Amino acid sequence: MVSYPATTETLSLAQEANSSEAIQILYQVLEDPSSSPEALRIKEQAITNLCDRLTEEKRGEDLRTLLTKLRPFFSLIPKAKTAKIVRGIIDAVAKIPGTTDLQITLCKEMVEWTRAEKRTFLRQRVEARLAALLMENKEYVEALALLSTLVKEVRRLDDKLLLVDIDLLESKLHFSLRNLPKAKAALTAARTAANAIYVPPAQQGTIDLQSGILHAEEKDYKTGYSYFFEAFESFNALGDPRAVFSLKYMLLCKIMVSQADDVAGIISSKAGLQYVGPDLDAMKAVADAHSKRSLKLFENALRDYKAQLEDDPIVHRHLSSLYDTLLEQNLCRLIEPFSRVEIGHIAELIGLPVDHVEKKLSQMILDKKFAGTLDQGAGCLIIFEDPKADAIYSATLDTIANMGKVVDSLYVRSAKIMS
């Protein structure tokens, strides 16, 4: 078997070879016992090339094995370069679809190794990555426990850049657990830390995106729109794929404040045209349905763009609220001319199943959206006229209140006379 030393010529040979041969050559370069500065530099380049090749072939397990094999090599190079290589290999595994469990295992192994080697700087970053993966995998309890310990440690070291990442991650985690007060507190902590240092545009965009999500959750859609716009500008300038999500949430805010007519204009703008695709088409379909107040069009949009609307938890939550509002408005408009009407007739007019309409009508009666009752035996809705308040009741209450004041006044005067 031909051996390949750690030289520039070997790297050039690997570059020209086909994928499987190149991988074998690069593995042999790493096995070269030489530890001269030039050999170490060549090996670093070989690791980068090998990661690229293994990622192309989607060999996630081989990348994990490579990281374990490289541990003796890490003792020969500076800690900063070790951190760069480790994070590079973890990033390479992340590019392979369906490797979340592998990434979690890999991060846990690296945390144990960094703890044993006392590499605090690298361990903290790998732990932050592990917490993000656990959250993505919906293992919220374990992620929260890991972050709680990590945030105390990083605050003590005052590593502001990492602290921004951890606080942001904590905010997202609490939001996933529907704990809005803690999500807002963690985001405020991230902003405070970010104000003290230079924050890269991508990270600033992430902060703005999370701010927009939290404001939208509190129904403050105008402020949310402003934050989504800031995030969109940051991601758009960087060519970050998250730009399309920021734009999508901008359009959602416009729909939620009943400005659905602005959606087409934003999509057809210079910035919007770059991201034309299923996500924007989905929001345009929802905007059209909202403008026409059509439940049928709304349901068609939800069915045709299920991945873009229902599978996105943020959009789905707000559209559920919008659907309920639209359904209530349509039902109120349909029952207005009647004093007694069959539920089946209302269901036929609105184009929805009878049981769904009956359930919604009973909810609206309980919420006092209109006065009425359901006669389930006859399958009818009976609508009452809005009871008019009799003026005599308020007048009587006013009289009693004034009499009370007179009695109190007389009591005070008699008390003075007696004293």
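The coordinates are above.
All of these numbers come straight from a predicted model, not from anything done at the bench.

(A) Structural view of the environment of Leu50. Note on placement: Leu50 falls in helix α3 (residues 37-56). Apart from the residues within four sequence positions on either side, Leu50 is in contact with Ile23, Leu26, Tyr27, Leu30 and Leu66.

(B) View of the packing of aromatic side chains. A complete count under the given rule lists five aromatic pairs for this structure. Between the aromatic rings of Phe228 and Tyr249, the centroid separation amounts to 5.4 Å while the plane-to-plane angle is 50 degrees, which identifies the pairing as tilted. Taken as a pair, Phe228 in helix α13 (residues 221-238) and Tyr249 in helix α14 (residues 243-256) lie far apart in primary sequence, 21 residues in all. The same class applies to Phe228 and to Tyr249, which are both buried. One aromatic cluster in this structure is built from Phe73, Phe74 and Trp113. Its guanidinium or amino end placed over the ring of Phe121, Arg125 lies 3.7 Å from that ring's centre, counting from NZ or CZ. Cation over ring: Arg178 sits above Phe175, and NZ or CZ is 5.5 Å from the ring centre.

(C) Molecular detail of the pattern of salt bridges. This model, assessed by the stated rule, comprises 28 salt bridges. Notably, a salt bridge pairs Glu57 with Arg59, separated by 3.1 Å at the nearest N-O pair. Between Glu142 and Lys108 there is a salt bridge, with its nearest N and O atoms 3.4 Å apart. Taken together, the residues span a long stretch of sequence, with Glu142 in helix α9 (residues 140-157) and Lys108 in helix α7 (residues 100-117) at a distance of 34 residues. The network of salt bridges with common partners includes Arg115, Arg123, Glu127 and Glu153.

Procedures and definitions
Residues numbered from 1 in each chain as written. Predicted model: local features only at pLDDT ≥ 70, side-chain atom pairs only at ≥ 80, totals over all residues. Heavy atoms only, no water. Helix = DSSP H or I, 4+ residues; strand = E, 2+ residues; numbered from the N terminus. Contact = heavy atoms within 4.5 Å. Phe/Tyr/Trp six-rings, centres within 6.5 Å; stacked < 30°, edge-to-face > 60°. Buried < 20%, exposed > 50% of the residue type's maximum accessible area, 1.4 Å probe, protein only. Lys NZ or Arg CZ within 6 Å of the ring centre and 35° of its normal. Salt bridge = Lys/Arg side-chain N within 4 Å of Asp/Glu carboxyl O.

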